[in-house]
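Next come the chains, spelled out residue by residue.
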Amino acid sequence: MDDCDIFYESFGSGPALVLLHGFPLDRTIWRPQAEELSKKYRVITPDLRGHGLSGAPEGVYSMDLYARDLNAVLDSIGVRAIILGGLSMGGYVAFAFYRLFKERVHGLILVDTKADADTPEARARREEQALSVLRNGSGEIAGQLIGRMFTEKTLRVNPVLAERVRRMMESTSPVGIAGALRGMAERPDSTPLLPSIKVPTLVIAGEEDPITPVSDAWRMVGMIPGSELAVVPGAAHLTSLEKPDEVSGAIRRFLEGIPKG
Ligand code: MLT
């Protein structure tokens, strides 16, 4: 996009699989899946604006804006058809992308995400968080979120992983975090879209996710025709890093079942 450079990585070759990270993270949450799945697919992992190595201009980052950023990246590298996956906020962006550019989407993978819009209370909370991050920096929100990304057990037995993710969040720019929070606050309810999704869809949910509970995943699967659910035991919100092999395996099996062409 003209106002913002979007950084992405591309691994392997074959049918294109785009994986979008959640908030306030970056493309590296998909590194294990990129390593595994790039044996057969071209795995593209962008940094959404405001995150990772992408630019972080001032403004409200609507889910449509993120979707347009992705569309521009795909145009620039000449990729037409994609399987699109997104974790949490990445899933909200996947819904927006499907609404705007559905001709490009040949499959959807919705990971630890939900279709609903924010409640008025959640919207107000996001604005408070945005103001606080702009005032005090990204450390506070990183501290609040880290305990919800992983199960207690993972936090205990894998402090190195937790520390890496905390640092990822802390290094996300305050302007980027505020833009994302304000964009998520104004996202539309995607529930009405669900019955009209016409592409193969996999929903993945961490069994102990406190942010987007498994019940949200069941509801989406009930409304998206022909969709399937993979519940990941022993995982909270950031399943791609907490249970990388299980998530890669679920995606691989799903991709193998999608008719080619
Ligand atoms: C995310 O993980 O992307 C966010 O927690 C989603 C949200 O805040 O709604």
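The structure this text deals with has already been given above.
All chains use their own residue numbering, which begins from 1 and follows the written sequence. Whole-chain, interface and lining totals are the exception, using all residues; otherwise, since this is a predicted model, local features are given only for residues with pLDDT of at least 70 and side-chain atom pairs are given and counted only at 80 or more. Hydrogens are left out, water is left out, and the side-chain values use all remaining heavy atoms of the structure.

A. Just the site of the ligand, in detail. Neighbouring residues of the ligand: G22, F23, S88, M89, Y92, R126, M184, I211 and H237. Within the backbone of F23, an N or O atom sits 2.8 Å from an oxygen atom of the ligand. In the analysis that follows, any N or O atom pair within 3.5 Å is treated as a polar contact, provided that within protein one partner can donate a hydrogen and the other can accept it, and provided that, for residues neighboring in sequence, both atoms belong to side chains. Between the ligand and the protein, one listed contact pairs an oxygen atom with a side-chain N or O atom of R126 at 2.8 Å. Computed by Shrake-Rupley with a 1.4 Å probe, the accessible areas treat only the displayed protein chains as cover when residues are assessed. Protein burial of the ligand: of its 270 Å² of free accessible surface, 93% is covered by the chains. Structurally, the ligand is housed in the largest pocket. Three classes are used: nonpolar for Ala, Val, Leu, Ile, Met, Phe, Trp, Tyr, Cys and Pro, charged for Asp, Glu, Lys and Arg, and polar for all others, with Gly counted as polar. Tallied by class, the residues present in the shell around the ligand amount to 5 nonpolar, 3 polar and 1 charged. For this description, a residue counts as near a given molecule or strand if any of its non-hydrogen atoms is within 4 Å of it. The definitions used throughout rest on a 1 Å grid laid over the protein atoms alone, on which a cavity is an enclosed set of points accommodating a 1.4 Å probe that cannot get out and a pocket is an open set flanked by protein within 12 Å on both sides along at least five of seven lines; lining residues are those having an atom within 4 Å of a point. More than half of a molecule's atoms within 2 Å of the grid points is what it takes for that molecule to sit in a cavity or pocket.

B. Seen up close, the packing of aromatic side chains. Pairing of aromatic rings covers Phe, Tyr and Trp, the last through its six-membered ring, and needs centres within 6.5 Å; plane angles under 30 degrees mean stacked, over 60 mean edge-to-face, and all others mean tilted. Across all of its chains, the model carries 2 aromatic pairs by this definition. With a centroid separation of 5.9 Å and 75° between ring planes, the pair formed by Y61 and Y66 is classed as edge-to-face. Think of it in three bands: residues with accessible area under 20% of the maximum for their type are buried, residues over 50% are exposed, and the middle band is partly exposed, with areas taken using a 1.4 Å probe on protein chains only. For Y61, a relative accessible area of 1% corresponds to the buried category. Arranged with centres 5.0 Å apart and planes meeting at 50°, the rings of F97 and F101 form a pair that is tilted. Here F97 and its partner F101 are both found in helix α3 (residues 89-101), 4 residues apart, which amounts to about one turn of the helix. Judged by its relative accessible area of 0%, F97 is buried. Taking the ring centre of Y61 as reference, the NZ or CZ of R49 above it sits at 5.8 Å. A ring is scored as having a charge over it whenever the NZ atom of a lysine or the CZ atom of an arginine sits within 6 Å of its centre and within 35 degrees of its normal. In this structure, K102 packs its charged tip against the face of Y98, placed 5.8 Å from the ring centre. Starting at the N terminus, helices and strands are each numbered in turn, a helix being any DSSP run of H or I of at least four residues and a strand any DSSP run of E of at least two.

C. Helix α8 (residues 174-185), seen in detail. Any helix carries an expected span of 1.5 Å times its number of residues minus one. With 12 residues, α8 should reach 16 Å at 1.5 Å per residue; the first-to-last C-alpha distance of 16 Å fits that figure. Most of α8 is tucked away: 9 of the 12 residues are buried. G176, I177, A178, G179, A180, L181, G183, M184 and A185 are the residues of α8 that are buried.

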